[in-house]
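# Tertiary structure, described
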Amino acid sequence: MDIWEMILEGVKVRVGENIFKLWFEGSKLLRTNGEEIVIEFDSLKKAEWVADKYYNVINEVAHSIKGDNALFVFCAKDNQGREELIVPGIRNVNIKNRTKKSFLGEDRFLEERYTFENFVVADFNRIAHAAAYSVAKKPGNQMYNPLFIYGGNGVGKTHLLQAIANYTRKHLPSLNVMYATAERFKEDYTLSLKRQKLDEFRRAYREVDMLLLDDVQLMENWSSTQEELFHIYNSLYMRGKQIVLTSDCPPKEMVGIDKRLISRFNSGLVIEITTPGLEAKILILKRKAEKHNLHIPDDVLEFIAANTDGDIRELENCLKNLYVNLFINGKPINIASAREVLHYLEKNKQSDITSEKIIQRVAEAFNVTTKEIMSRKRTKEIALARQVAMYLVREILDYSLNYIGKIFNGKNHATVIHACEIVKNLMQTDEDFREKVNTIKDSFYRKR
Ligand code: ADP
Ligand code: MG
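Residues numbered from 1 in each chain as written. Chains lettered and ligands numbered in written order. Predicted model: local features only at pLDDT ≥ 70, side-chain atom pairs only at ≥ 80, totals over all residues. Heavy atoms only, no water.

### Focus: a negative patch on the surface
- Residues Glu279, Asp298, Asp299 and Glu302 make up a contiguous surface patch of negative charge.
- No other element matches the 3 residues that helix H13 (residues 298-306) contributes to the negative patch.
- Its location among the elements puts Asp298 in helix H13. (Patch = residues over 30% accessible without salt bridge, like charges linked within 9 Å, V, L, I, M, F, W, Y side chains within 5 Å. Areas by Shrake-Rupley, 256 points an atom, 1.4 Å probe, with all protein chains shown as cover. Salt bridge = Lys/Arg side-chain N within 4 Å of Asp/Glu carboxyl O. Lys, Arg positive; Asp, Glu negative; His and termini not counted. Charge placed at Lys NZ, Arg CZ, Asp CG, Glu CD. Helix = DSSP H or I, 4+ residues; strand = E, 2+ residues; numbered from the N terminus.)

Below, the structure is given as structure tokens:
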């Protein structure tokens, strides 16, 4: 029996036969090297789901068996036999992508399901949808250039933006379309600067026919990145290239963004996606249920719509849970089971602060990249940034030392304690440093 088989025995007891069959069956030990244990799943979905939902269980069982900590890496092979790796606890960091040759843009993160066909249109998003669709069909029309879409969390901004990319990819394949989040844009910029490949960066972003930039509000206070965007923007605009931007607030409310950029964001079409009302939520639920051949009675649809707020992700989560309940536990879909799911989701609603976000902000403040923080490099700047990140993850999320160690690519808990001590001491003696760390911390609690 190998170590994974032993762990599986324990996991089975904890999660029950049904869940076990559904997610763990077919997984096997692929290799171990030192402290790293690589597990292969027969689909990426399973690997992701297990990493997301059952990582803690696995960890506990592993710890009780091995008595020490292992770093798990989950993987699945794609149809060409390439490994896609997932490090649990670091969501969305795909190791295969990290080593990809072209380091610019974010094409590879386009979601196939984010299409216009899958986008439910209702009052709250009708205009945004129409504008995005026009842009996709006829990029560069002055009326819509730039197109600036803003709205709250989970109202469909990213979906629409990627729908434009997916649409043009299919119908106008000769167009060079670049989708990037503001974070990615910044990371590309910083990396190019560091590698002395600024030319390559500028060329890549200026030679596009369409630039889709997601979450530009994140650019606040990144002044050199903003400067770079300003020039790229002008160059694209002058040549009639399409620009689409999203943000969580309208341009006029943006703080820490260069006035010249704000006036450009404002110069085309600015559209809000408001939050979906009751009718719209019911419609979205209905469509999504149909897609999965799930029948949900009208009163249940209404009940869910009335008891969730405007984040469409919540509706999706609710459906997913009802689906699992039905097919795994045989629980019928009715108001009682819907209520149960909603309570469960409410309880589990995690704050949207994640370790990734903390690491990201520390990287920004300390002028290093998140990759460097996650690496094993030990130059002074990087090591300090890494220690601050560990300290803040501990302070803000209150995770266990072991767990934090895992997040940072398998450091042991002593390293984490050491990091926290160093940061605390330095905060006592160095006022600037204290200010810097506290500013990062405060940024997570500031109301927008
Ligand atoms: P935002 O970027 O505004 O935070 P997203 O675009 O990420 O929101 O949307 C959150 C989730 O809700 C995604 O899974 C998306 O597919 C779904 N969603 C949002 N709007 C719609 C819509 N109009 N129709 C169908 N699904 C939607
Ligand atoms: Mg988004």
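### With respect to the site of ligand 1
- Every one of the 18 residues lining ligand 1 counts as a neighbour, but Val120, Gly154, Lys157, His159 and Glu316 are closest to it.
- One of the backbone N or O atoms of Val120 is found 2.8 Å from a nitrogen atom in ligand 1.
- In the model, a nitrogen atom of ligand 1 is placed 2.8 Å from a nitrogen or oxygen of the Lys288 side chain.
- In the complex, the protein chains occlude 97% of the 560 Å² of accessible area that ligand 1 would expose alone.
- Looking at the shell around ligand 1, the elements that each hand over two or more residues are helix H7 (157-171) and helix H14 (312-329).
- Residues belonging to the shell around ligand 1 are distributed by class as follows: 5 nonpolar, 8 polar and 5 charged. (Near = heavy atom within 4 Å. Polar contact = N/O pair within 3.5 Å; in protein donor to acceptor, adjacent residues only side chain to side chain. Nonpolar A, V, L, I, M, F, W, Y, C, P; charged D, E, K, R; others polar.)

### What about the nonpolar core?
- Counting 58 residues, the largest nonpolar core has Phe24, Phe72, Phe74, Val362, Ile373 and Phe408 as the members making the most contacts within it.
- Top element by residues in this core is helix H18 (residues 380-397). It accounts for 10 residues.
- When near neighbours in sequence (up to four residues on either side) are disregarded, Ile373 contacts Ile359, Val362, Ala363, Val368, Ile382, Ala385, Arg386, Ala389 and Phe408.
- With 50 residues, the next largest nonpolar core counts Ala122, Leu285, Ile304 and Leu319 among its residues. (Core = buried A, V, L, I, M, F, W, Y, C linked by side-chain atoms within 4.5 Å. Buried < 20%, exposed > 50% of the residue type's maximum accessible area, 1.4 Å probe, protein only. Contact = heavy atoms within 4.5 Å.)

### Comments concerning the pattern of salt bridges
- Counted according to the given criterion, the structure contains 19 salt bridges.
- Across the pair Glu227 and Arg260 runs a salt bridge whose closest N-O atoms are separated by 3.3 Å. You can see Glu227 sitting in helix H10 (residues 223-238) and its partner Arg260 sitting in helix H11 (residues 259-265), a full 33 residues away along the chain.
- Residue Glu227 is classed as partly exposed on the basis of its relative accessible area of 36%.
- We classify Arg260 as partly exposed; its relative accessible area is 33%.

### Some details on the packing of aromatic side chains
- Applying the stated rule across the entire model yields 20 aromatic pairs.
- A ring pair is formed by Phe201 and Tyr205, whose centres lie 5.0 Å apart and whose planes are at 50°; its orientation type is tilted. Taken together, the positions of Phe201 and Tyr205, both in helix H9 (residues 198-206) and 4 residues apart, correspond to about one turn of that helix.
- Exposure remark for Tyr205: the relative accessible area of 0% places this residue in the buried category.
- On the basis of an interplanar angle of 15° and a centroid distance of 6.1 Å, the ring pair of Tyr233 and Tyr237 is categorised as stacked. With Tyr233 and Tyr237 both in helix H10 and 4 residues apart, the pair spans about one turn of that helix.
- For Tyr233, a relative accessible area of 3% translates into the label buried.
- Of the aromatic side chains, those joined through ring pairs into one cluster are Trp4, Phe41, Phe72 and Phe74.
- We note Lys53 situated over the ring of Trp49; from NZ or CZ to the ring centre the distance is 5.1 Å. (Phe/Tyr/Trp six-rings, centres within 6.5 Å; stacked < 30°, edge-to-face > 60°. Lys NZ or Arg CZ within 6 Å of the ring centre and 35° of its normal.)

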